[in-house]
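# Remarks on the overall topology
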Amino acid sequence: MTEPHDGGFEYWNERYEKEGASYVGKNSMDERLCEDQMNKFWGALREVFKDCDHVLDFGCGTGRLYPHVLPHVTDYTGCDIVDTVLDHPISMPFYQIFKGKPLPLQDNSVDAVVGCTVFQHMIEIDDFRWWIKECKRVTRDTGTIYLIESLLNGQNFSDMQYRSYEETAKEFHLGDCTVQDLNIDEPKSHYLLYGSNCKK
Ligand SMILES: C[S@@+](CC[C@H](N)C(=O)[O-])C[C@H]1O[C@@H](n2cnc3c(N)ncnc32)[C@H](O)[C@@H]1O
């Protein structure tokens, strides 16, 4: 499979330089609204998130999720292509920046991956598939993958690729897959999709 593009780095780095810590939210969201948004994401995730040892926060940004997840895990790894978290007051124990690939983690080494509004930004289907494969590789067979993605009313924007939850679920090939609509920024603005990691 073709290796993913690094194009995302330029885009996210530029947004970070312009918008500071609020770059993780929608355009024009300030930091307080970004925190509110994460409180709502976590409110939904907490209902289904199983406490475990090692979690990977894939595309962790400034670490908005970190304080919420930390009490429920013993090992936390945050990864991002942009080094935002280094400037941010939260210090993550195992934070890694990776502008390249693959993920700096061994096969079957994490119990859960959380991807919070990250995969929706992979425009090219080959990139999307490459990173899915990578996240599945590092997740144990007994592990769970949790995704929050924007529904975007089915539209595409220049920095986002709309994929229905059926399409995302099919690509991720998760067992016992469950989906929930989330009313975060507006009714049905996002969905939460989670399931066990099927390797076959
Ligand atoms: C909308 S922000 C969300 C950040 C964080 N998950 C949160 O909810 O606060 C998307 C993040 O995904 C990161 N990202 C985009 N493509 C990525 C990739 N291929 N690998 C890792 N991180 C990526 C961006 O740098 C950015 O920090």
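Residues numbered from 1 in each chain as written. Predicted model: local features only at pLDDT ≥ 70, side-chain atom pairs only at ≥ 80, totals over all residues.

### Some words on unusual backbone geometry
Selection rule: Numbered from the N terminus, helices here are DSSP runs of H or I no shorter than four residues, and strands are runs of E no shorter than two.
Unusually for a residue other than glycine, His173 sits at a positive phi of about 50°. Relative to the assigned elements, His173 resides in the loop between helix 5 (165-172) and strand 6 (174-182). Positioned with a positive phi, Lys188 is a non-glycine residue whose angle comes to about 50°.

### A word on the site of the ligand
Formally: We count a residue as near a molecule or strand when its backbone-placed C-beta atom lies within 6 Å of that partner.
The ligand sits among 16 residues. The nearest are Trp12, Gly59, Gly61, Arg64 and Cys116. Going through the elements one at a time, helix 1 (7-19) and strand 2 (73-80) are the ones with two or more residues in the shell around the ligand.

### Thoughts on the sheet that holds strand 1 (residues 52-58)
Applied cut-off: At least two bridges found by DSSP between two strands are what make those strands a pair. Each residue gets a C-beta atom placed from its backbone, and two residues are in contact if those atoms lie within 7 Å. Think of each axis as a best-fit line through the C-alpha atoms, taken over the contacting stretch in the case of a helix, with angles from 0 to 180 degrees between the N-to-C directions.
Read from one edge of the open sheet, seven strands run 3-2-1-4-5-7-6, paired in mixed fashion. In this open sheet, the two edge strands, each paired with only one partner strand, are strand 3 (96-97) and strand 6. Looking at chain direction, strand 4 (residues 110-116) and strand 5 (residues 139-150) are connected through six bridges and run parallel. Pairing of Ala112 across the sheet is with Thr144, part of strand 5. Across the sheet, helix 4 (residues 125-138) lies against strand 1, strand 4, strand 5 and strand 7 (190-197), angled at about 140° from strand 5, the strand it touches most. Packing of helix 5 onto the sheet brings it into contact with strand 5, strand 6 and strand 7, and relative to strand 6 it is tilted by some 155°.

### As for the confidence of the model for the chain
Convention followed: A residue's pLDDT is simply how confident the predictor is in it, with values from 0 to 100.
Confidence in the prediction for the chain averages 88 pLDDT; 91% of positions are at 70 or higher. Taken element by element, the chain is modelled with least confidence in strand 3, mean pLDDT 78, and with most confidence in strand 4, mean pLDDT 98.

### Details of the environment of Tyr76
Defined as follows: Here the C-beta atoms are placed from the backbone, and a residue counts as buried if at least 20 other C-beta atoms lie within 10 Å of its own, exposed if 12 or fewer do, and partly exposed otherwise.
Relative to the helices and strands, Tyr76 is located in strand 2. Residue Tyr76 is classed as buried on the basis of its C-beta count, with 21 C-beta atoms lying within 10 Å. The spatial distance from the C-alpha of Tyr76 to the C-alpha of Ala112 is 9.9 Å, given a sequence separation of 36 residues.

### Observations regarding the environment of Thr139
With respect to the helices and strands, the residue Thr139 is situated in strand 5. Owing to 24 C-beta atoms within 10 Å, Thr139 belongs among the buried residues under this scheme. Every residue in contact with Thr139, bar those within four places of it in the chain, is listed here: Val110, Val113, Ile145 and Asn197.

### Here's the deal with the nonpolar core
Put simply, the rule is: Think of a nonpolar core as buried Ala, Val, Leu, Ile, Met, Phe, Trp, Tyr and Cys residues, each tied to the set through C-beta atoms within 7 Å.
One finds Leu56, Val113, Val114 and Ile145 to be the most contacted residues of the largest nonpolar core, which totals 45 residues. With sequence-adjacent residues up to four places away left out, Leu56 is seen in contact with Thr77, Cys79, Leu105, Val110, Val113 and Val138.

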